[in-house]
Amino acid sequence: MPEESSSARTVPLNLLLDIDGTLAITDRLYLLAFQDLMRPFGYTDVDEAWFEKHVAGKVDVEVFRALMPADSTAEMLEATSRKKDALFVQKAASEGAAIVPGLREVLQMARRCGWRCIAVTNAQRGGGQAVLDMLRRELGDEVAGVIEDLVVGCECERAKPHPEPYLEGIRRLGAAAEHCIVF
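> Help me understand the overall build of the protein chain, please; the structure alone is not making it clear to me.
Looking only at helices and strands, one finds nine helices and six strands in the protein chain. For the protein chain, the spread of C-alpha atoms along the three principal axes comes to 65 × 30 × 25 Å. Residues classed as buried in the protein chain amount to 42% of the 183 residues present. Within the protein chain, contacts between residues at least 6 apart in sequence are counted, and of these 76% link residues at least 24 apart.

> What exactly am I supposed to notice about the packing of aromatic side chains here?
The way to describe two aromatic rings as a pair is by their centre distance and the angle between their planes. Evaluation of the coordinates by the stated rule reveals five aromatic pairs. For the pair Phe 34 and Trp 50, a centre-to-centre distance of 6.2 Å together with 50° between the ring planes defines the contact as tilted. Taken together, the residues Phe 34 in helix H2 (residues 27–38) and Trp 50 in helix H3 (residues 48–54) connect sequence positions 16 residues apart. With respect to class, Phe 34 is no different from Trp 50; both count as buried. A network of ring pairs unites the aromatic residues Phe 34, Tyr 43, Trp 50, Phe 51 and Phe 64 as a single cluster.

> Got a minute to help me understand the nonpolar core in this structure?
The tendency in soluble globular proteins is for nonpolar side chains to be buried side by side. If you look at the biggest cluster of nonpolar residues, it comprises 43 residues, and the most contacted ones within it are Phe 34, Leu 135 and Ile 147. Here this core gets seven residues from one element, more than from any other, and that element is H2. If we skip the residues at most four places from it in the chain, Leu 135 touches Leu 23, Ile 99, Leu 103, Gly 140, Ala 144 and Ile 147. Ile 118, Ile 170, Leu 173 and Cys 180 belong to the second largest nonpolar core, which has nine residues in total.

> Could you clarify how one ought to interpret the sheet that holds strand E4 (residues 116–121) in this entry?
For sheets, the rule is that strands pair by backbone hydrogen bonds, running either parallel or antiparallel. Strand order in this open sheet of four strands is E5-E4-E1-E6, and the pairing throughout is parallel. Because the sheet does not close on itself, it has two edges, and the strands there are strand E5 (147–152) and strand E6 (180–182). Sheet twist, expressed as the mean angle between neighbouring strand axes with direction ignored, is 20°. Pairing of E4 with E5, which is carried by four bridges, proceeds in the parallel orientation. In the strand pairing of E5, Ala 119 is matched with Leu 150. Taken strand by strand, helix H9 (residues 164–173) contacts strand E1 (14–17), E4, E5 and E6, and its axis lies near 150° from that of E4.

> Even after reading the chapter, I still don't get unusual backbone geometry, so can you show me in this structure?
Glycine aside, negative phi is the norm for most residues, and most peptide bonds take the trans geometry. Residue Pro 161 is bonded to the preceding Lys 160 through a cis peptide linkage, with omega at 15°. Along the chain, Pro 161 falls in the loop between E5 and H9.

> How should the pairing of E4 be read in this particular structure?
Within a regular beta strand, the side chains point alternately toward one face of the sheet and then the other, so they alternate between its two faces. By the criterion of burial, E4 is predominantly enclosed, with five of the six residues buried. Examined bridge by bridge, E1 and E4 share four bridges and lie parallel to one another. Following the sheet pairing, Asn 14 is matched in E4 by Arg 116.

> Before we go on, may I ask you to explain the packing of H2 against helix H5 (residues 74–95) in this structure?
The description of two helices packed together rests on the angle between their axes and the distance between the axes. The geometry of H2 relative to H5 is characterised by a closest axis approach of 8 Å and an angle of 130° between their N-to-C directions. Classified by the angle between their axes, H2 and H5 sit oblique to one another. For the pair H2 and H5, the crossing hand works out as right-handed. For the pair H2 and H5, contact is made by Arg 28, Leu 29, Tyr 30, Leu 32, Ala 33, Phe 34, Asp 36 and Leu 37 and by Thr 80, Lys 83, Lys 84, Leu 87, Phe 88, Lys 91, Ala 92 and Glu 95, respectively. Among the residues forming the contact of H2 with H5, the class breakdown is nine nonpolar, one polar and six charged.

Rules behind the numbers
Residues numbered from 1 in each chain as written. Predicted model: local features only at pLDDT ≥ 70, side-chain atom pairs only at ≥ 80, totals over all residues. Heavy atoms only, no water. Helix = DSSP H or I, 4+ residues; strand = E, 2+ residues; numbered from the N terminus. Buried < 20%, exposed > 50% of the residue type's maximum accessible area, 1.4 Å probe, protein only. Contact = heavy atoms within 4.5 Å. Phe/Tyr/Trp six-rings, centres within 6.5 Å; stacked < 30°, edge-to-face > 60°. Core = buried A, V, L, I, M, F, W, Y, C linked by side-chain atoms within 4.5 Å. Pairing = 2+ DSSP bridges. Axes fitted to C-alpha atoms, helices over the stretch in contact; angles between N-to-C directions. Parallel < 35°, antiparallel > 145°, perpendicular 65-115°, else oblique. Left-handed = near helix turned anticlockwise from the far one by under 90°. Nonpolar A, V, L, I, M, F, W, Y, C, P; charged D, E, K, R; others polar.

Next comes the structure, spelled out in structure tokens:
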């Protein structure tokens, strides 16, 4: 096996961690939030297939622009997004979310190895923070506290899948991109 150069061994990795599906399994909570949210707009068929078609992998502005009445203002779309975020936070508090198997061990390894971690999400800040808070409660601050910060895609000029949120995470960590791994 080739020897590593001394610089390769001394430069720690940095982990940029998505939240939904990478740290916690949250689709069920979002589905429940959308069932409550969309009912007053006449959407009564909000199930897993509907969620996959209309919501999964999309940012709120895109979702609500497609689902809300055509004459909805930007303020109405933003208010609906905030309401969805509040419903998600409520569901996270009352229902909880499953932590991705193996996460505890990965975060413990990151701490032992001196790897810095940051969460990067397209969820709204409240929902992202609710999941990080749940991880701290469930895994303890010694483990989950290795996640230093939260980058929210909709607070950047362009959300994921554009690389800007990841680049912001790299900037906040003060790292070089070649020393980062995105999950």
